[in-house]
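The residues making up each chain are set out below.
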Amino acid sequence: EKAKWPKETVELWERLSKKEANDVETVQKSIVHHVTTTLARAAYNMDNFSAYQAVALSTRDRLISRWNETQGQLSKADPKRVYYLSLEFLLGRSMDNALLNMGLKGTYGKGVEQLGFNMEDVIESEVDAALGNGGLGRLAACYMDSLATLDYPAWGYGLRYNYGIFQQRIVDGYQTEYPDYWLNFDNPWELPRLDISIQISFGGHVQSIQDEYGVTRHNWIPAQSVQAIAYDVPIPGYDTENCNNIRLWRSKPTKTFDLTSFNEGNYEKSVEDATNAEKITSVLYPNDNTMAGKELRLKQQYFWTAASLHDIVRRFKKSRREWSDFPDQVAIQLNDTHPTLAIVELQRLLVDEEMLSWDDAWEIVTKTFAFTNHTVLPEAMEKWSVPMFEYLLPRHLQIIFDINLFFLQKVEKKFPNDRGLLNRMSIIEEAQPQQIRMAHLAVVGSHKVNGVAALHSNLIKTTIFKDFVDYYGEDKFVNKTNGITPRRWLHQANPKLSKLISDTLGSDKWLKDLSLLKKLTTKIDNAEFRKSWMAIKRHNKVRLAELIKIRCNVEVSPDALFDVQVKRIHEYKRQFMNILAVIHRYRTIKSMTASQKASVQPRVVIFGGKAAPGYYIAKLVIKLINSVAAVVNQDPAVGDLLKVVFIPDYNVSVAEVIVPASDISQHISTAGTEASGTSNMKFVLNGGLIIGTMDGANIEILEEIGEENIFIFGCLAHEVEDLRHAQRYRGVPMDPALQGVISAIEKGVFEDPKIFQPLISTLTVGKDFYLISADFASYIAANQAVDTAYKNQEEWSKKSIRCTANMGKFSSDRSVKEYADDIWGIKSYPIVDEGHM
Ligand code: F55
């Protein structure tokens, strides 16, 4: 160790590990060094991609220094940490973000341009890290940015999938899926920790024996095991030296296990087992808000939670504290029910391996965990069949049954003689076969449960967790309204607007305290400021128009109103209602005289989003959008008054182009179905107005920006139940305008109507579950109000500025601070800059 070294050696190390300087020449030297050594290339055969690789490697060097320094200082100080367990981290690109957060974008930009490359092209050579489906995965990424920026000691834990969310291509109007093998070229944003390997076991049986005190001990004898290998992804904070970590696990076959089969002379089986081991972290499941129930998914969940907990416990044990101190050192946040097995695994480690009593162990467990719910949709609730679970995790099943038994005994004590209540609250659903309700397990094993927007947090208290509120009391159930990081979603995605804001406010402090945007209000009556504001929007629209030309081969005018709906395709999000309203608009224009047409507000309707590969109705919506686009876009009677595009393969980096370019965006879920939504926040932050229902965070956005700056329509969450009932039992007729639209589709205005019959059937009177007909008239009216408002560009620009100015609440910094104070009990720990690498 260092202490044993002679003075000269220590001094030599100190001198040689001085931090790199931040000047252009130093940066260029490092880039060229990586070109000529790491990449083994010469300057003359460089393309944008190899330039990207070299800049990435140079950026990575600086990230690693900060990572080392942060982790070293935190190891010594050993403050309480939060561990964010998420099966998804939808990070997108890393290079631009890392350079901006480290304050090095300007220097690297200059350096790269002088070396003969265009920085934007170099940045665009990076492939997205797309290890997530949508909002839930992107939320985890935003929270990691905020945790680092606020200097919180935090680690993310996830899986290192070989294949991220599939790539979407549109063939004949239909979605087709292609594998996203994102690791084709070396990934410079991860540090393989091949030395950190944890053995994870599956299957087998449980041996129960009496120990010398007569206590029954349970011993799990697994049938097979795999290795978990750690890959670390550094997450730099903005304007701080702190750099946090996301540890992603990769599955590998264990050597000993291979050998068993191999020595038994069964070569084929040993190779097959090895392949099965690697399969665990092969692919991200592409479902959002639906549950597939596949065995491999359960294996992923256990593999990941067991490896993460083992790592967390190992780190805790280094400090040689009492077990009862564990919750004072460790907070674990469960991002949805996907990591709920961590509760069971910790209980198993404490009882079976550390020999704690059940009650002592359970107290530690429940003080450690907290659970975030992201949905109330019944089809999204995770359930695992008991027989499948028992086959994979026999000891864990026993523990779940014990947790359930002790829990129901306490419920029975508090509310005696209520079989219905016990049935409803049980972790085990009495079906054929029995099912494990993961949401119930997560509630029982956590000290706090939160929803992700005010409405949603109230809804879960009165619906899915009502009985649990009655039992535990109100305090266990809290709200943590989602947020987004202004670093990626304004500073990085909209650099011109970011600069205008910093110039106007006299500093860039707003990027760490988003409430400072409020001061923009004083500029609303300044015509010149409004002009600059709108010029930036127009610039961003030109950029998006170029992307649309390239990806969709459609020319759109940046002077038209850009109307955007980009998000996962799902019935509850009602993209179907949007395209039906577009058809209505098309038919209206077609029926107009030339002079009537002259007063129509031209509109470009932009769609984007992926459908789960097995979600037939969602995929038909994509087909309908493309069929409508094909007809509308080539109709000379319409011209530039209406264009429709479906941008293929929507992902984080495409969102970074779309979000700053939107005039109006659509957040139109049936009230009570969208837990929060987060793109609504991204659009409004970038001065885009929104049209939406009284759902999720739309309601809180309205409260912040004022009802005159948002277009609200549709029924309210508390009306939904009655509306559905009325539809079903009183046969409320379909909205007449909607009826006209449906007739047009059925007449074959947009391709063979047979194709769309299953889609149209979802609107059959009495079956319109998402209330498209009930909301249709008010939706059309709201869209007309948008057209009218947009015609007055001066007033629109004022609304736009007011939107941005009032978005302070929706910074993920605010969300993360609330979690830290109210749930995790952690404090920020800024590291000291000691000037070395
Ligand atoms: C992914 C896998 C499963 Cl098994 C279930 C759900 C998902 C998923 O992607 N959910 C998701 O994205 N939920 C969204 O979370 C956002 C962040 O809280 C919310 O804003 C959004 O309303 C919600 O739908």
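Procedures and definitions
Residues numbered from 1 in each chain as written. Predicted model: local features only at pLDDT ≥ 70, side-chain atom pairs only at ≥ 80, totals over all residues. Heavy atoms only, no water. Near = heavy atom within 4 Å. Polar contact = N/O pair within 3.5 Å; in protein donor to acceptor, adjacent residues only side chain to side chain. Areas by Shrake-Rupley, 256 points an atom, 1.4 Å probe, with all protein chains shown as cover. Helix = DSSP H or I, 4+ residues; strand = E, 2+ residues; numbered from the N terminus. Domains from an automatic or database assignment. Buried area = accessible area lost by both parts, 1.4 Å probe. Salt bridge = Lys/Arg side-chain N within 4 Å of Asp/Glu carboxyl O. Buried < 20%, exposed > 50% of the residue type's maximum accessible area, 1.4 Å probe, protein only. Pairing = 2+ DSSP bridges. Right-handed = clockwise from strand over helix to strand, strands pointing away.

With that settled, consider the site of the ligand. Near the ligand there are 20 residues, and of these Leu 136, His 374, Asn 482, Glu 674 and Gly 677 occur at the shortest range. Within the contact set of the ligand, an oxygen atom lies 2.9 Å away from a side-chain nitrogen or oxygen of Asn 482. Within the backbone of Ser 676, a nitrogen or oxygen atom sits 3.0 Å from an oxygen atom of the ligand. Out of a free accessible area of 540 Å², the ligand has 96% covered by protein chains. At three residues, the largest contribution of residues to the shell around the ligand is made by helix H7 (residues 135-149).

Accessible area lost on assembly of the parts is the figure often given for the size of an interface. Domain parsing of the protein yields domain 1 (15-77 + 97-127), domain 2 (78-93 + 128-482) and domain 3 (552-797). Computed over C-alpha atoms, the centres of domain 1 and domain 2 are 35 Å apart. Carbon and sulfur atoms supply 54% of the area that domain 1 and domain 2 bury against each other, a total of about 2,400 Å² over both sides. At the surface where domain 1 touches domain 2, the tally comes to two salt bridges.

With that out of the way, let us pick up the pairing of strand S21 (residues 642-647). Buried residues dominate S21, accounting for six of its six residues. Taking every second residue as pointing to the same face, both faces of S21 are buried, with Leu 642, Val 644 and Phe 646 on one and Lys 643, Val 645 and Ile 647 on the other. With six bridges connecting them, strand S20 (residues 603-608) and S21 associate as parallel partners. Bridging from a neighbouring strand, Gly 608 pairs with Ile 647 of S21. Handedness of the β-α-β unit built from S20, helix H25 (residues 616-633) and S21 comes out right-handed.

As a further point, take the environment of Ile 64. The residue Ile 64 is located in helix H3 (residues 48-77) in this model. A relative accessible area of 21% places Ile 64 in the partly exposed class. Through-space distance from the C-alpha of Ile 64 to that of Cys 142 is 21 Å; in sequence the pair is 78 residues apart.

To continue, consider the pattern of salt bridges. According to the stated counting rule, one finds 53 salt bridges in the structure shown. Across the pair Glu 25 and Lys 29 runs a salt bridge whose closest N-O atoms are separated by 3.9 Å. Taken together, the residues span about one helical turn, with Glu 25 and Lys 29 both in helix H2 (residues 24-38) at a distance of four residues. Taking the relative accessible area as the measure of exposure, Glu 25 reaches 48% and is therefore partly exposed. Take Lys 29: its relative accessible area is 56%, and that puts it in the exposed class.

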